[in-house]
Amino acid sequence: MIHLKTDKEIYEMRKAGELTYQLLDLVGQMIKPGVSTLEIDKMVHGEILNSNAFPGTLGYRGFKHSCCTSVNDVICHGIPSDYRLKEGDILNVDISPRLNGWYGDSSRMFTVGEVSDTANKLISTTETALIGAIQCVRVGDNLSEIGKGIEAVIFSISNFSIVEDYVGHGIGRSFHEDPAVFHYNRPTGVKFQKGMVFTIEPMINEGTKEWIMLDDGWTVKTKDGLLSAQMEHTIAINSKGDVEVISLP
Ligand code: MF3
Ligand code: CO
């Protein structure tokens, strides 16, 4: 069941979305060689609490941290640890604070010092795919336009692959709501409607789309050990049918 939101509710959700943007900016300011992903998590945890919000991932199905930190070949759900970033690393930081009962959810890529041309291309292609997908959102059209839009970008400018088994999602008073948002062209019975709020969060791999899960039960890595990138925004369709990216200020 899709929980449609009023404009007033979207206004409240925008505050959680803006908080994700500010937190990701703060993460960007601390990224440098030698910083551990746990130090990033500690900063994010403190700033979320300071903002009178709560980290949506903390305690979620046993996850013990306030953000996900996915480095290099980690596709998603990387667990903050004592791993120290080094020159050439790329990482995604994914933050989902709950503010006044509403969840925000956004993630961004960061680079540590100079990174390879391939890494830069993977990141820029992922961002282009997300922007392209957002432009495919139109009331009355099928949700599958998102996946078509991502495929159009990825396959026209790269040999990269799209991870299929992890999806975007409706979001609101719950972290994950209907519908599932596929990042590849998969038919669905869902049409974009006024009041829908959902994430788009494509995961793009340098090589194969196949993945493995580590024994920790969370970390999802590329099967071939090549790089992966992800970017996530939260999108709302208001009562006029306008499409708003609410994880931006
Ligand atoms: N932002 C991710 C999502 O959209 C975060 C997953 S959180 C985790 O689902 F707790 F499951 F790791
Ligand atoms: Co999400």
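Read on for an overview of the structure. (Residues numbered from 1 in each chain as written. Chains lettered and ligands numbered in written order. Predicted model: local features only at pLDDT ≥ 70, side-chain atom pairs only at ≥ 80, totals over all residues. Heavy atoms only, no water.)

1. Overview of the pattern of salt bridges
Two side chains with opposite charge may pair up if their charged atoms get near one another. Just so we agree on the cut-off: Salt bridges are defined by distance alone: a side-chain nitrogen of Lys or Arg within 4 Å of a carboxyl oxygen of Asp or Glu. Here a helix means four or more residues in a row that DSSP labels H or I, a strand means two or more in a row labelled E, and each is numbered from the N terminus. For every residue, the accessible area obtained with a 1.4 Å probe (protein chains only) is divided by the maximum for its type, and the residue is called buried under 20%, exposed over 50%, and partly exposed between those limits.
Counted according to the given criterion, the structure contains 10 salt bridges. Across the pair Asp25 and Arg108 runs a salt bridge, and its minimum N-O distance is 2.8 Å. Linking Asp25 in helix α1 (residues 7–30) with Arg108 in strand β7 (residues 106–111), this pair joins segments that are 83 residues apart in sequence. Given the relative accessible area of 17%, Arg108 is considered buried.

2. Describing the side chain of Lys5
Formally: For the purposes of these results, a polar contact is taken to be a pair of N or O atoms within 3.5 Å, where, inside protein, one atom must be able to donate a hydrogen and its partner to accept one; residues adjacent in sequence count only when each atom of the pair is a side-chain atom. Residue contacts are defined here by distance: any two heavy atoms, one from each residue, within 4.5 Å place the two residues in contact.
Turning to its location among the elements, Lys5 is positioned in the segment before α1. A relative accessible area of 8% places Lys5 in the buried class. A distance of 2.8 Å separates a polar atom in the side chain of Lys5 from a polar atom in the side chain of Glu177. Non-local contacts of Lys5, meaning those with residues more than four positions away in its chain, are made with Ile10, Met13, Trp102, Ile171, Gly172, Glu177, Gly195 and Val197.

3. Remarks on the site of ligand 1
In plain terms, the rule: Working definition: residue near molecule or strand if any one of its non-hydrogen atoms lies within 4 Å of it. Computed with the Shrake-Rupley method and a 1.4 Å probe, the accessible areas treat only the protein chains shown as cover for residues. Two kinds of site are reported from a 1 Å grid over the protein atoms alone, namely cavities, where a 1.4 Å probe fits but cannot get out, and pockets, open sets with protein on both sides within 12 Å along at least five of seven lines, and residues are called lining when an atom falls within 4 Å of a point. Pocket or cavity membership: a molecule qualifies when more than half of its atoms sit within 2 Å of the grid points of that site.
Surrounding ligand 1, one finds 14 residues, the nearest of these being Asp94, Asp105, His169, His176 and Glu201. Here a nitrogen atom of ligand 1 and a side-chain polar atom of Asp94 are 2.6 Å apart. When ligand 1 is considered free in solution it has 330 Å² of accessible area, and contact with the protein chains removes 95% of it. In this structure, ligand 1 is accommodated by the largest pocket.

4. Describing the packing of aromatic side chains
The cut-off we apply is this: Only Phe, Tyr and Trp rings are paired, with Trp represented by its six-membered ring, and only when their centres lie within 6.5 Å; those with planes under 30 degrees apart are stacked, over 60 edge-to-face, the remainder tilted.
Counting across every chain of the model gives 6 aromatic pairs. Between Tyr166 and Trp211, the ring centres sit 5.3 Å apart and the planes meet at 70°, which makes this aromatic pair edge-to-face. Of this pair, Tyr166 sits in the loop between β8 (161–162) and β9 (168–170) while Trp211 sits in strand β13 (residues 211–213), and the two are 45 residues apart along the sequence. The exposure class of Tyr166 is buried, given its relative accessible area of 17%.

5. Observations concerning the layout of surface pockets
Rules: Grid points are joined across faces, edges and corners, and a volume is the space filled by probe spheres set on the points. Residues are grouped as follows: nonpolar covers Ala, Val, Leu, Ile, Met, Phe, Trp, Tyr, Cys and Pro; charged covers Asp, Glu, Lys and Arg; every other residue, Gly included, is treated as polar.
Empty space within the largest pocket amounts to approximately 520 Å³. Elements with a contribution of two residues or more to the lining of the largest pocket: β9 and β10 (177–181). Looking at the lining of the largest pocket residue by residue, the classes come out as 13 nonpolar, 8 polar and 8 charged. The calculated volume of the second largest pocket comes to roughly 190 Å³. Of the residues in the lining of the second largest pocket, the class split is 4 nonpolar, 6 polar and 2 charged.

6. Regarding the packing of helix α3 (residues 117–134) against helix α4 (residues 144–157)
This is how the line gets drawn: Structural elements are reduced to axes, namely lines fitted to C-alpha atoms, with helices fitted over the stretch in contact, and the angle between N-to-C directions of any two is expressed from 0 to 180 degrees. Two helices crossing with the near one rotated counterclockwise from the far one by less than a right angle form a left-handed crossing, whereas a clockwise rotation gives a right-handed crossing.
Packing of α3 against α4 brings their axes to within 8 Å, and their N-to-C directions diverge by 145°. Once α3 is placed against α4, the crossing between them reads as right-handed. Residues Lys121, Thr125, Thr128, Ala129 and Ala133 of α3 touch α4, and the partners they reach there are Ile146, Ile150, Val153, Ile154 and Ile157. When grouped by side-chain class, the residues that make up the contact of α3 with α4 number 7 nonpolar, 2 polar and 1 charged.

All quantities given are derived from atomic positions and should not be read as evidence of function.
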